[in-house]
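# A look at the structure
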Amino acid sequence: MSVRDNAAASLSNSETISIGELRAALLPDFPDITISKIRYLEDAGLIQPARTASSYRKFSHGDLARVRYVLTQQRDHYLPLKVIKENLDAIDRGFEAPSDAGKPRVPVLAMARDRDGLPSAEEFGRAQPQLRLSRAELLEASDLTEELLESMEQYGVLAPQRNGSYDADALEVAKAVAQMAEFGIEARHLRPFRTAAEREVGLFAQVVTPMMRHRTPEARGKAEETISELAALSVRLHAALVRSGLRSQLNS
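Residues numbered from 1 in each chain as written. Predicted model: local features only at pLDDT ≥ 70, side-chain atom pairs only at ≥ 80, totals over all residues. Heavy atoms only, no water.

The name an unreviewed UniProt entry assigns to the protein chain is MerR-like DNA binding protein, from the organism Antricoccus suffuscus.

Rendered as structure tokens:
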């Protein structure tokens, strides 16, 4: 969650506030804050308030949170604005904000699991973090090598977004492949996994397409619930089939 999003209900129920109201909200914690300082932070690209037709600045609660973050980092940790700006950029891309002067961290992505330890239907229904990683960040967070990542992309196991970044799902795939590589499994061996997943998605789409034709919130909710249940069942089926096959191999 970005610093902008963390600002919900920070001041009042109004959508935007003026620069004077922004300063007033900050004064209790930052007595030296001035209008000029806020404008300077805008010029430095740390905040980007909306403008009215008359060119008056209108600040969101997210802008308030960003200014509070900047001032706190300056006061408590003496960080330069360049570093703070880099940290804000990372936080806006889904990184976790540090509690001290450290760098933002890639969040730990923990799947919701059922009593059997398999991903639950709720896991497939919940929204993924809005994570955007660069190629270098993906490699560092997943322990992949550049060579293995190139191979994964060559065989269609993983691909970046249109903007060149990698999302939370890509990170999960990369981590799993990195761990499987320790057992000698290569990207070319994993292409069938992608093919099977695409076929499952196509099959489930056929099931929910009639529901989506109604174009009502109820129909959409039913379709999303159905997809989540089918996804969880497919993982359970896959696990059972693999377990059965492995047992046959070990007992033969």
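Counting secondary structure elements, the protein chain contains 10 helices and two strands. For the C-alpha atoms alone, the extent of the protein chain along its principal axes is close to 75 × 45 × 35 Å. The long-range share in the protein chain, meaning contacts at least 24 apart out of those at least 6 apart in sequence, stands at 56%. For the protein chain, the computed accessible surface area is about 16,000 Å², with 53% contributed by carbon and sulfur atoms. Charge centroids of the protein chain, computed over 33 positive and 36 negative side chains, lie 3 Å from each other. (Helix = DSSP H or I, 4+ residues; strand = E, 2+ residues; numbered from the N terminus. Contact = heavy atoms within 4.5 Å. Areas by Shrake-Rupley, 256 points an atom, 1.4 Å probe, with all protein chains shown as cover. Lys, Arg positive; Asp, Glu negative; His and termini not counted. Charge placed at Lys NZ, Arg CZ, Asp CG, Glu CD.)

This part covers helix H7 (residues 146-154). Note on helix geometry: an α-helix contains 3.6 residues per turn, so any two residues three or four positions apart are oriented the same way. For H7, the set of buried residues is Leu 148, Leu 149, Ser 151 and Met 152. Along the long axis of H7, the arc covered by the buried residues comes to 160°, so they all point the same way. Opposite the buried face of H7, at more than 90 degrees from it, the exposed residues are Glu 147 and Gln 154. Buried residues in H7 make contact with helix H6 (135-142), helix H8 (168-181) and helix H9 (187-212). The first or second residue beyond H7 is Gly 156, which carries a positive phi of 75°. (Buried < 20%, exposed > 50% of the residue type's maximum accessible area, 1.4 Å probe, protein only. Arc of directions from axis to C-beta.)

Moving on: the domain arrangement of the protein chain. Taken domain by domain, the protein chain consists of domain 1 (16-93) and domain 2 (124-251). On a C-alpha basis, the centroid separation for the pair domain 1 and domain 2 is 39 Å. (Domains from an automatic or database assignment.)

Turning our attention to unusual backbone geometry. For Asp 143, which is not glycine, the phi torsion reads 70° and is therefore positive. On the basis of relative accessible area, Asp 143 is assigned to the exposed category, the value being 64%. A positive phi is found at Arg 215, a non-glycine position, where the angle reads about 55°. For Arg 215, a relative accessible area of 76% gives the class exposed.

Turning to its location among the elements, Lys 85 is positioned in helix H4 (residues 81-92). As for Lys 85 and Val 70, which are separated by 15 residues in sequence, their C-alpha atoms are 8.3 Å apart. In contact with Lys 85, not counting residues within four places along its chain, are Ala 44, Gly 45 and Leu 46.

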